[in-house]
Amino acid sequence: MAEQASGGLERVTEAAKQAPGRGLPPVHLWNPAHCGEIDIVIRRNGQWLHEGAPIGREALVRLFSTVLRKDPDGIYLVTPVEKMKIMVEDAPFVAVRVDRAKNESGGEALKFLTNVGDVVEAGPDNEIRVEMDPGGEPHPYLHIRRGLDALIARPVFYELVEMAEERGTADGPQLGVTSNGAWFPVGPARAHQI
């Protein structure tokens, strides 16, 4: 079985390398006949494992990250010839940096860098959301593409909180950040007053 999984990894690697064009491949258009699972896990901290061992080649992780697709039943590595389900502990990406920048229209944008080198500006198409666990611990996310999110790393989230401004909402005063004309709360209403 390990040989089969390793062979699957090699097949996905070769097929991903042959994906047409530059930039992100059109994985949303591919519907390969061969489907299965591969022993790849993306840890909560963004580390990729294959058969329990870290994938140490950054270029390989970057390549695989470009062929990720979220379907209703899970996250897959998808090529024109193969669709292999993987396990993701939280989100497939981690936002490791945020910078304020000017957008094309001269407004302000928050530009994020992910652990695999993607640069994404928060805005109406790439929303920031903060989920609260039952203990009140925030879990912040940034939408990256087609249903795939990045967990915002704790130091980056602290930067967002520092950038946040208070705004009146129906639930009371709330802290949030603005990017590309969209406002995103960084916690529940009144949380900053406690």
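This text follows the structure it describes.
Residues numbered from 1 in each chain as written. Predicted model: local features only at pLDDT ≥ 70, side-chain atom pairs only at ≥ 80, totals over all residues. Heavy atoms only, no water.

**Points about the sheet that holds strand β2 (residues 48-50)**
Taking strand neighbours across the sheet as the criterion, the six strands line up as β3-β2-β1-β6-β5-β4 in an open arrangement whose pairing is mixed. In the strand order of this sheet, the two ends are held by β3 (53-54) and β4 (68-71), each with one partner. As defined by bridge partners, β2 adjoins β3 across two bridges and the pair is classed as antiparallel. If you follow H50 over to β3, its bridge partner there is A53. Packing of helix α2 (residues 58-65) onto the sheet brings it into contact with β1 (34-42), β2, β4 and β5 (74-78), and relative to β2 it is tilted by some 95°. (Pairing = 2+ DSSP bridges. Helix = DSSP H or I, 4+ residues; strand = E, 2+ residues; numbered from the N terminus. Contact = heavy atoms within 4.5 Å. Axes fitted to C-alpha atoms, helices over the stretch in contact; angles between N-to-C directions.)

**Some thoughts on the pairing of strand β10 (residues 128-132)**
Alignment of β10 against strand β11 (residues 138-145), held across five bridges, turns out to be antiparallel. From the neighbouring strand, E131 faces β11, where its bridge partner is H139. Following β10, the chain reverses through five residues before pairing antiparallel with β11; G136 in that reversal takes a positive phi of roughly 90°.

**Side note on the sheet that holds strand β15 (residues 182-185)**
The three strands are arranged β13-β14-β15 in an open sheet whose pairing can be described as antiparallel. Strands at the two margins of the open sheet, each flanked by one partner only, are β13 (165-169) and β15. On average, each strand axis in the sheet is tilted by 55° relative to the strand beside it, whichever way the strands run. Alignment of strand β14 (residues 172-179) against β15, held across four bridges, turns out to be antiparallel.

None of the figures reported here should be taken as evidence of function without further support.
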